[in-house]
Amino acid sequence: SMAQNMFISRGKLSSLFEKYAGMNMNTYKNSLRINKANELFGNGITDITEVAYQSGFQTIRTFNTTYKKIMGITPSEYIKKTV
């Protein structure tokens, strides 16, 4: 819908985003979601399922995989280190 609103193709939007942001849109979106998760953990919420859904992930598996890919540790390891 963003591409439609800007009257450009999805491919063009994707290439412009990557050119100026230095990452693809999916990586950017996941980074925002993981930042939100870390904010929730920082606010004392330690239920990983709750944090995953509040961060915009559809499944716990995707959350855990994405979290480890971006942060280098699992959500439970992060909680142990910070809480």
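Throughout what follows, the structure given in this document is the object of discussion. Sequence order sets the numbering: in each chain, residues are counted from 1 along the sequence as written. It should be noted that, the model being predicted, local features are given only for residues of pLDDT at least 70 and side-chain atom pairs only at 80 or more, the latter also being counted only at that level, while totals for whole chains, interfaces and linings use all residues. The side-chain values count all of the structure's non-hydrogen atoms but skip hydrogen atoms and water molecules.

## Description of the packing of aromatic side chains
Side-chain rings of Phe, Tyr and Trp (the six-membered ring for Trp) are treated as a pair once their centres are within 6.5 Å; stacked means planes under 30 degrees apart, edge-to-face means over 60, and tilted covers the remaining angles. Under the defined criterion, the tally for this structure stands at six aromatic pairs. Where F57 meets F63, the ring centres are 5.2 Å apart and the plane angle is 65°; that geometry is what we call edge-to-face. Residue F57 shares its accessibility class with F63, and that shared class is buried. With a centroid separation of 5.6 Å and an interplanar angle of 55°, the aromatic rings of F63 and Y67 are classed as tilted. Of this pair, F63 and Y67 both sit in helix α5 (residues 60–71), four residues apart, which is roughly one turn of that helix. Under the relative-accessibility criterion, F63 is labelled buried at 0%. By the ring-pair criterion, three or more aromatic residues cluster together here, those being F41, F57, F63, Y67 and Y78. When the NZ atom of lysine or the CZ atom of arginine is within 6 Å of a ring's centre and also within 35 degrees of its normal, the charge is said to sit over that ring. Across the ring face of F57, the terminal group of R33 is positioned such that the distance to the ring centre comes to 5.4 Å. For every residue, the accessible area obtained with a 1.4 Å probe (protein chains only) is divided by the maximum for its type, and the residue is called buried under 20%, exposed over 50%, and partly exposed between those limits. By the criteria applied, helices consist of DSSP H or I runs no shorter than four residues and strands consist of E runs no shorter than two, each listed in order from the N terminus.

## Focus: the nonpolar core
In this text, buried Ala, Val, Leu, Ile, Met, Phe, Trp, Tyr and Cys residues form a nonpolar core when linked through side-chain atoms within 4.5 Å. One finds I34, A37, L40, F41, V51, A52, F57, F63, Y67, I73, Y78 and I79 forming the largest nonpolar core, which totals 12 residues. Broken down by secondary-structure element, the contributors of at least two residues to this core are α3 (25–42), α4 (48–54), α5 and α6 (75–82). It is α3 that provides the largest number of residues to this core, a total of four residues. Leave out the neighbours within four places in its chain, and F41 touches T46, I48, V51, F63, Y67, P75, Y78, I79 and V83. The criterion used for residue contact is that any of the two residues' heavy atoms lie within 4.5 Å.

## Re the pattern of salt bridges
By definition, a salt bridge exists where a carboxyl oxygen of Asp or Glu is found within 4 Å of a side-chain nitrogen of Lys or Arg. Tallied over the full model, the rule gives one salt bridge. Across the salt bridge formed by K36 and E39, the nearest N and O atoms sit 3.7 Å from each other. Placement of both K36 and E39 in helix α3 is noted, with a separation of three residues, approximately one turn of the helix. For E39, a relative accessible area of 44% translates into the label partly exposed.

## Some thoughts on the packing of α3 against α5
Two numbers describe how α3 lies on α5: the axes approach to 10 Å, and their chain directions differ by 95°. With respect to α5, the axis of α3 lies roughly perpendicular. Along the contact surface, α3 presents N30, S31, I34, A37, N38 and F41, while α5 presents F63, T66, Y67, I70 and M71. An axis is simply a line fitted to the C-alpha atoms; with a helix, the fit covers only the stretch in contact. Between two such axes, the angle follows the N-to-C directions and lies from 0 to 180 degrees. These descriptions rest on fixed angle ranges, namely under 35 degrees for roughly parallel, over 145 for roughly antiparallel, 65 to 115 for roughly perpendicular, and the rest for oblique.

## Details of the environment of D47
As for its placement among the helices and strands, D47 is situated in the loop between α3 and α4. Judged by relative accessible area, D47 falls into the partly exposed class, the value being 39%. Between the C-alpha atoms of D47 and Y20, which are 27 residues apart in sequence, the distance is 36 Å. Polar contact criterion, stated in full: a pair of N or O atoms within 3.5 Å, where within protein one must be able to donate a hydrogen and the other to accept it, and residues adjacent in sequence count only if both atoms are side-chain atoms. Only 3.0 Å separates the side chain of D47 from the backbone nitrogen of T49, close enough to count as a polar contact.

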